[in-house]
Amino acid sequence: MSKVYVLKMGGRLLQDQAALDALLAVCAQLKQKHPLVLVHGGGDQVDQWLAKFGFTTEKIDGQRVSPAEQMPVITGALDGAVNAEMVSRATVAGLKPVGLNLAAGGSLSFDVNTKLGAVGIAKPNDGTLVNSLLAQGFTPVFSSIGIGQQGQLLNVNADIAAAAICQLVQGQLILLTDVPGILDAQMQLIPTLTAQAAQALVQSGVIKGGMKVKLDAALETAAALKSTIIVAGWQDPDNLLKLMRNEPVGTCIQY
């Protein structure tokens with residue numbers, strides 16, 4: 001089997017059906033050469049659902065605080081509405097999608113970040129289900145919901161979830177974002193980034209919040225797999241085809 005591509009999707013992409021359909025059409029081309037796994041977040045949708053139910057949203061260092069009482073709503077948004085929509089659009093694109101949460105088949109295991117409430121820290125665990133689906137030509141579509149050791153629902157940052165799934169299948173991680181990649185202080189794209197250079201950008205405050213979470217997940221995965229990780233914008237779907245041709249796209253994070 002060719003190297004598995006693990007694509008994390010989130011941000012405004014998930015609220016723009018035309019853009020999502022365009023990206024999934026390119027994914028269908030990509031799948032002709034590489035098995036695909038899709039991992040999605042859905043923070044904007046979660047915010048909307050929580051507001052409807054009268055909850056407020058708090059974030060710490062770019063990650064959502066998820067009290068246990070909010071988890072039925074968060075799960076309904078991510079593992080219900082957003083995952084179903086992703087599977088729907090991926091079906092139209094011919095990807096043979098299978099909607100899953102992160103605990104399906106024991107794929108990932110989770111520690112709990114109690115500082116953030118019912119938030120899971122995902123780790124690779126058992127690749128049997130995912131590899132079986134990939135071998136049969138299916139495209140796993142993971143929501144960013146996990147299940148703790150006591151059966152509790154957990155919200156997992158989608159970048160961290162995608163990184164763990166990528167380590168599980170020993171794949172190529174591509175984190176798709178609302179910006180072209182990781183930007184410097186002048187808002188210019190950084191084509192390549194090492195761990196040392198990344199640390200300097202974090203210390204100087206250029207990279208913070210959600211992008212720091214994304215960067216940390218990428219660096220950990222690059223080190224674990226001894227491979228590069230791509231952070232790129234979703235606005236140009238053909239970027240995925242450039243990757244297939246080994247052409248530079250977005251920010252390449254080196255181990």
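Sequence order as written defines the numbering, with residues in each chain counted from 1. In view of the model being predicted, local features appear only for residues whose pLDDT reaches at least 70, and side-chain atom pairs are presented and counted only at 80 or more, with totals across whole chains, interfaces and linings using the full set of residues. Only hydrogens and water are set aside; all other atoms, that is, all heavy atoms of the structure, feed into the side-chain values.

Draft legend 1. Summary view of the state of the cysteines. Any cysteine sulfur atom paired with another within 2.5 Å is treated as part of a disulfide. Applying the stated criterion to the full structure yields zero disulfides. With no disulfide of its own, C27 lies closest to C166 among cysteine sulfurs, the gap being 15 Å. Looking at the unpaired C252, the closest cysteine sulfur is the one in C166, lying at 13 Å. Partly exposed describes any residue whose relative accessible area lies between the buried limit of under 20% and the exposed limit of over 50%, with all areas from a 1.4 Å probe on protein chains only and scaled to the type maximum. Residue classification places C252 among the buried positions, given a relative accessible area of 17%.

Draft legend 2. The nonpolar core, seen in detail. In this structure, V6, V37, I165, I182, L215 and I253 are the most contacted members of the largest nonpolar core, which totals 53 residues. Every helix listed is a DSSP run of H or I at least four residues long, and every strand listed is a run of E at least two residues long, numbered separately from the N terminus. For this core, the element with the most residues is helix 5 (residues 158-169), which contributes eight residues. Any two residues whose heavy atoms approach within 4.5 Å at even a single point are treated as in contact. Apart from the residues lying within four places of it in its own chain, the contact partners of I165 are V6, V37, V39, L102, L108 and F142. The nonpolar core is taken to be a set of buried Ala, Val, Leu, Ile, Met, Phe, Trp, Tyr and Cys residues, with the residues joined through side-chain atoms within 4.5 Å.

Draft legend 3. A look at the packing of aromatic side chains. Stacked, edge-to-face and tilted are the three classes for Phe, Tyr and Trp ring pairs, Trp counted by its six-membered ring, which pair at centre distances within 6.5 Å; planes under 30 degrees apart are stacked, over 60 edge-to-face, the rest tilted. Across all of its chains, the model carries zero aromatic pairs by this definition. Look at NZ for Lys and CZ for Arg. If either is within 6 Å of the ring centre and within 35 degrees of the ring normal, a charge sits over the ring. The ring of F138 has K96 lying over it, and the distance from NZ or CZ to the ring centre is 4.5 Å.

Draft legend 4. View of the pattern of salt bridges. Any Lys or Arg side-chain nitrogen found within 4 Å of a carboxyl oxygen on Asp or Glu counts as a salt bridge. For the structure shown, the criterion picks out eight salt bridges. With a shortest N-O distance of 2.9 Å, D21 and R89 are connected by a salt bridge. Taken together, the residues span a long stretch of sequence, with D21 in helix 1 (residues 17-30) and R89 in helix 3 (residues 71-92) at a distance of 68 residues. What makes D21 partly exposed here is its relative accessible area of 25%. Where K123 meets D111, a salt bridge forms, and the shortest distance between an N and an O atom there is 3.2 Å.

Draft legend 5. Structural view of the sheet that holds strand 5 (residues 97-100). Sheet architecture is open: eight strands sit in the order 5-8-2-1-11-13-14-12, paired in mixed fashion. Only two strands of the sheet have a single partner each, and these edge strands are strand 5 and strand 12 (192-193). Two strands make a pair as long as DSSP finds a minimum of two bridges between them. Across two bridges, strand 12 lies against strand 14 (residues 251-253) in parallel orientation. Each bridged residue has a counterpart across the sheet, and for L193 the counterpart in strand 14 is I253. Axis definition: a line fit to C-alpha positions, over the contact stretch in the case of helices; interaxial angles, taken between N-to-C directions, run 0 to 180 degrees. Across the sheet, helix 4 (residues 128-135) lies against strand 2 (36-40), strand 5 and strand 8 (139-142), angled at about 140° from strand 8, the strand it touches most.

Draft legend 6. Structural context of helix 2 (residues 43-52). All of the buried residues along helix 2 are Q45, V46 and L50. For helix 2, the angular spread of the buried residues around the axis is 130°, confining them to a single face. Opposite the packed face of helix 2, turned more than 90 degrees from it, sit the exposed residues A51 and K52. At its buried positions, helix 2 is contacted by strand 4 (63-64) and helix 3. Once helix 2 finishes, G54 follows within two positions and takes phi at roughly 80°, a positive value. The arc refers to the directions leading from the helix axis to the C-beta atoms.

Draft legend 7. Structural context of the side chain of K214. Residue position: K214 is located in helix 7 (residues 209-225). If near-sequence neighbours (up to four positions away) are discounted, K214 is found in contact with K8, D159, L175, T177 and V231.

Draft legend 8. Focus on the pairing of strand 11 (residues 172-177). Most of strand 11 sits out of view: six of its six residues are buried. Side chains of strand 11 alternate between two faces, with Q172, I174 and L176 and L173, L175 and T177 buried alike. Pairing between strand 1 (residues 5-9) and strand 11: four bridges, direction parallel. Bridged to K8 within strand 11 is L175.

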